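A structural walkthrough
Given next are the chains, with one letter for each unit.
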2 protein chains.
Amino acid sequence: MERVVPRVLKGFRDYLPEMMGRRSQMLTTASGVFERFGFAPLATPALEYTDILLGKYGDEGDKLLYRFEDNGGRDVSLRYDLTVPLARVVAQHTQLPRPFKRYQIAPVWRAEKPGKGRFREFVQCDVDIVGTDSTLADFECIQVGVDLLKSLGVEDFELRINDRRILDGLLALLNVRDRTEQLTALRAVDKLPKIGWDGVRAELNQTTNLNADQLDTLSAFLTADLHDVDESMVDMDVAGDGIAHMSQLMDWADDLGIGGYVKTDLSIARGLDYYTSTIYETFLTKMPDLGSVMSGGRYDDLLTMFSKNTVPAVGISMGVDRLLVGLTELGLTSDADVGPQIYITVFSEETISPSQRFAAKLRNAGFRVQVHLQPGQKLGRQFKAADRCGASFVVVAGPEECAKGEVTVKDLSKREQVTVGEEEAVGWIEQRV
Amino acid sequence: MERVVPRVLKGFRDYLPEMMGRRSQMLTTASGVFERFGFAPLATPALEYTDILLGKYGDEGDKLLYRFEDNGGRDVSLRYDLTVPLARVVAQHTQLPRPFKRYQIAPVWRAEKPGKGRFREFVQCDVDIVGTDSTLADFECIQVGVDLLKSLGVEDFELRINDRRILDGLLALLNVRDRTEQLTALRAVDKLPKIGWDGVRAELNQTTNLNADQLDTLSAFLTADLHDVDESMVDMDVAGDGIAHMSQLMDWADDLGIGGYVKTDLSIARGLDYYTSTIYETFLTKMPDLGSVMSGGRYDDLLTMFSKNTVPAVGISMGVDRLLVGLTELGLTSDADVGPQIYITVFSEETISPSQRFAAKLRNAGFRVQVHLQPGQKLGRQFKAADRCGASFVVVAGPEECAKGEVTVKDLSKREQVTVGEEEAVGWIEQRV
């Protein structure tokens, strides 16, 4: 037989139990927060018709699609994010309520060059509010983001907000009026945290017609405080709306006592073409190099690809894997409660059924229970197996104990043991967990 | 702008919130059962190198792979099941404990002709025990299956077991000794519940050399009781082992009080090539046409594709979508608890922040709370929105109430209301939920 080398594709990963347990805990916390804010769960297919996805992420994004022809000759692609599929769902299932508030936790695929913390398959965790242009919806996304990080035990973070309209106003002020050139400039600015201002300036020099003076103006602006923004911009319709909008969000955040977590940051651009006003990025203060762990914004035009009616929408997305790296380094993940708590040894062939029955009793009481699968193996080896899987209690019951309906339970951490009736043994364990 | 028609690929589905909620409840129950039996969670990539997957499902299976060349020219496929990826994981991550007990809940993809209850993307939910040939492991899969269905509220079901070795013995007895012909025959027998004996007989007539006498023998055997199996077979080494093995499993099931749910059925074949002894199928007694909702078996040779060491393994897999159809028709799913319990109206722009603060208070108390996103909209419309999303309580707080730190809470089902201080209001709701 020809042997195959067991391996995964570059940029893909297995999640072994320990890591998986931590991720599950994080996602359970997340869905709890989302549901307390009235978001409902949604799932969409991994594969979509390519025309649904194509053109929504810009040229760079299109190149990153896993795109192929299926057995029926259809042009299909693996989803690149959860936002465009949401837009499709809302356009297709017209019976859904408006505003439609949903969360979705699911993997997405991008044929990117893999690197540190950058994978070709990764889980996204999104909340979106579709069907209202209310600023309260933008604010709710901020609330959800802050609540989520606090629920995960993170206190040192900044949810930074900006408004695309302010950047658009600035670009208009600099006479960059061509949409393609605007987006090129925004994508360069978006790299600021990664490559610094010198890098951004070099890229803008190469890809736009901005001269040195204009680049100086841009640089000064991007590091300015919201209140110091040039009066001439506040007077501009679009930029002025953006500034008022951001001030409103900051006021509400202060009123709700979460203002300390929220900061305006005029340099935040977000690479994706589809954002129209508010944009979010979130950074862990103690890990500035990690990049944004939660991003999003308002995208009021995305549904126009399906319908002549515009449907306003806003959302925020947690980078599950990146945030998990952050939580782990900050010591904020606990050892996952996935292994068995109680290990049942099996003394001999004769004691199999009594041991199984006692295991069932413990499971009914809610415990995670593992039964040794090699009956009659030396008890020393069975205890070692119990130890390896992290059990806190070991149960031993030989033929004599079984005959009397008794078991011996050892508390491995306290090094104590009792030999008592089965009911009493369950109680003894319950008291010590 | 060219518009795209919003649609999903044939054989793919959206899970809208109501369905999603029911599925989540089912899967939460499932992972709880698995963890109480000491299984740990695992996740693997959706895409694998094609050579990892190819040839493990037989020719028919290979044709159903979603297979393509990625941007880097690699031959890749979407996973067809969770079993072969598990085999890869065990071969690749040699540090994993043995026996390795894992569960995985994840979608798989098959380019099958879609039909009633047959989809191209569906979620599998598997438990497997890798690294022991102990019959207790086979029994544990039965226990998990029975416990899972009972935990989901199903009482009328049969987990039917058979042993491939008995079928192999029978085929040897009938002088079908070529492996390919044996598998052809098994795949025909596997269709028994779907196409009946006449259909199977016709297929066997066409695809094998079995004559009328042999087909009669086969038919008599497939409907026989385990205890009535021909003595000549019990004496055959392989078949005899299978019969003893099945008897052992039935004895343990009786000892544990779950014998009523477990039946031997010599006609169960399972199409997949990789099973080597025990096989399982599970049917809901009240819905015989639904097909098997939980299947699996022992596959002791699967890991030999990666390594010269054989690693015995056994597992059982729940068909999530099919079982969900069954539970729904049997009335065993409850309305999912995903919508908001409490709806907070927003009287005017001035009451936004007090309303938000009270909402935050209720969320901290664990409630699912939705805030109306159009402040100042007529209260009637806000109440209608509350009704549409299924909330049980509506909170109203005008400027006067806000000034006094009070709110009005209406219990929609009991048609009662109070106007009290915020703390008292939380308590009032808590008592009524």
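So, a few notes on the structure that sits alongside this text.

What counts and what doesn't
Residues numbered from 1 in each chain as written. Chains lettered and ligands numbered in written order. Predicted model: local features only at pLDDT ≥ 70, side-chain atom pairs only at ≥ 80, totals over all residues. Heavy atoms only, no water. Least-squares fit on C-alpha atoms with pLDDT ≥ 70 in both. Contact = heavy atoms within 4.5 Å. Patch = residues over 30% accessible without salt bridge, like charges linked within 9 Å, V, L, I, M, F, W, Y side chains within 5 Å. Areas by Shrake-Rupley, 256 points an atom, 1.4 Å probe, with all protein chains shown as cover. Salt bridge = Lys/Arg side-chain N within 4 Å of Asp/Glu carboxyl O. Lys, Arg positive; Asp, Glu negative; His and termini not counted. Charge placed at Lys NZ, Arg CZ, Asp CG, Glu CD. Helix = DSSP H or I, 4+ residues; strand = E, 2+ residues; numbered from the N terminus. Buried < 20%, exposed > 50% of the residue type's maximum accessible area, 1.4 Å probe, protein only. Polar contact = N/O pair within 3.5 Å; in protein donor to acceptor, adjacent residues only side chain to side chain. Buried area = accessible area lost by both parts, 1.4 Å probe. Nonpolar A, V, L, I, M, F, W, Y, C, P; charged D, E, K, R; others polar. Axes fitted to C-alpha atoms, helices over the stretch in contact; angles between N-to-C directions. Parallel < 35°, antiparallel > 145°, perpendicular 65-115°, else oblique. Left-handed = near helix turned anticlockwise from the far one by under 90°.

Mapping chain B onto chain A calls for a screw motion: a turn of 180° about the axis and a shift of 0.0 Å along it, with 0.1 Å RMSD after fitting. This pairing of chains is accounted for by a two-fold axis. In terms of proximity to the rotation axis, the leading residue of chain B is Phe68 of chain B, whose C-alpha is 3.2 Å off the axis. Here 99% of the contact residues of chain B are again contact residues in chain A; the copies associate through an equivalent surface.

Here we take up a positive patch on the surface. Residues and elements named next belong to chain A. On the surface, a cluster of positive charge is contributed by Lys10, Lys113, Arg118, Lys194 and Arg322. Residue placement: Lys113 occurs in the loop between strand S5 (100–109) and strand S6 (121–130). Taking the relative accessible area as the measure of exposure, Lys113 reaches 68% and is therefore exposed.

Attention now goes to the side chain of Gln370 of chain A. Tracing the chain through its elements places Gln370 of chain A in strand S13 (residues 369–371). Residues within four places of Gln370 of chain A in sequence aside, it is in contact with Pro340, Ile342, Tyr343 and Ile344 of chain A together with Phe37, Gly38 and Lys101 of chain B.

Right, let's talk about the side chain of Glu401 of chain A for a bit. Residues and elements named next belong to chain A. On the secondary structure map, Glu401 appears in helix H15 (residues 399–404). No salt bridge is formed by the buried Glu401, whose closest oppositely charged neighbour, Lys404, lies at an N-O distance of 7.7 Å. A distance of 2.4 Å separates the side chain of Glu401 from the side chain of Thr408, its partner in a polar contact. Setting aside residues no more than four positions away along its own chain, Glu401 makes contact with Val396, Glu406, Val407, Thr408 and Thr419.

Our next topic: the interface of chain B and chain A. Of the residues lining the interface, 93 residues belong to chain B; the matching set on chain A comes to 93 residues. The junction of chain B with chain A conceals about 8,100 Å² of combined surface from both sides, 60% of it contributed by carbon and sulfur atoms. Ranking the residues of chain B by area buried against chain A places Arg7, Leu9 and Leu373 of chain B at the top, with a combined share of 9%. The interface formed by chain B and chain A holds 4 salt bridges in total. A salt bridge links Arg7 of chain B to Asp51 of chain A, with the shortest nitrogen-to-oxygen separation between them at 3.2 Å. Taken together, the connections running from chain B to chain A amount to 35 residue pairs in polar contact (both at pLDDT 80 or more). Within the side of chain B that touches chain A, the residues separate by chemical class into 50 nonpolar, 18 polar and 25 charged.

This brings us to the packing of helix H8 (residues 192–207) of chain B against helix H9 (residues 212–222) of chain B. Residue and element names in this part refer to chain B. Viewed as axis vectors pointing N to C, H8 and H9 meet at an angle of 140°, and their least axial separation amounts to 11 Å. Taken together, the axis directions place H8 and H9 in an arrangement best described as oblique. Crossing angle aside, the handedness with which H8 passes H9 is right-handed. Here Trp197, Arg201, Leu204 and Asn205 of H8 lie close against H9, whose contacting residues are Ala212, Leu215, Asp216, Leu218, Ser219 and Leu222. Across the contact of H8 with H9, the residue classes tally to 6 nonpolar, 2 polar and 2 charged.

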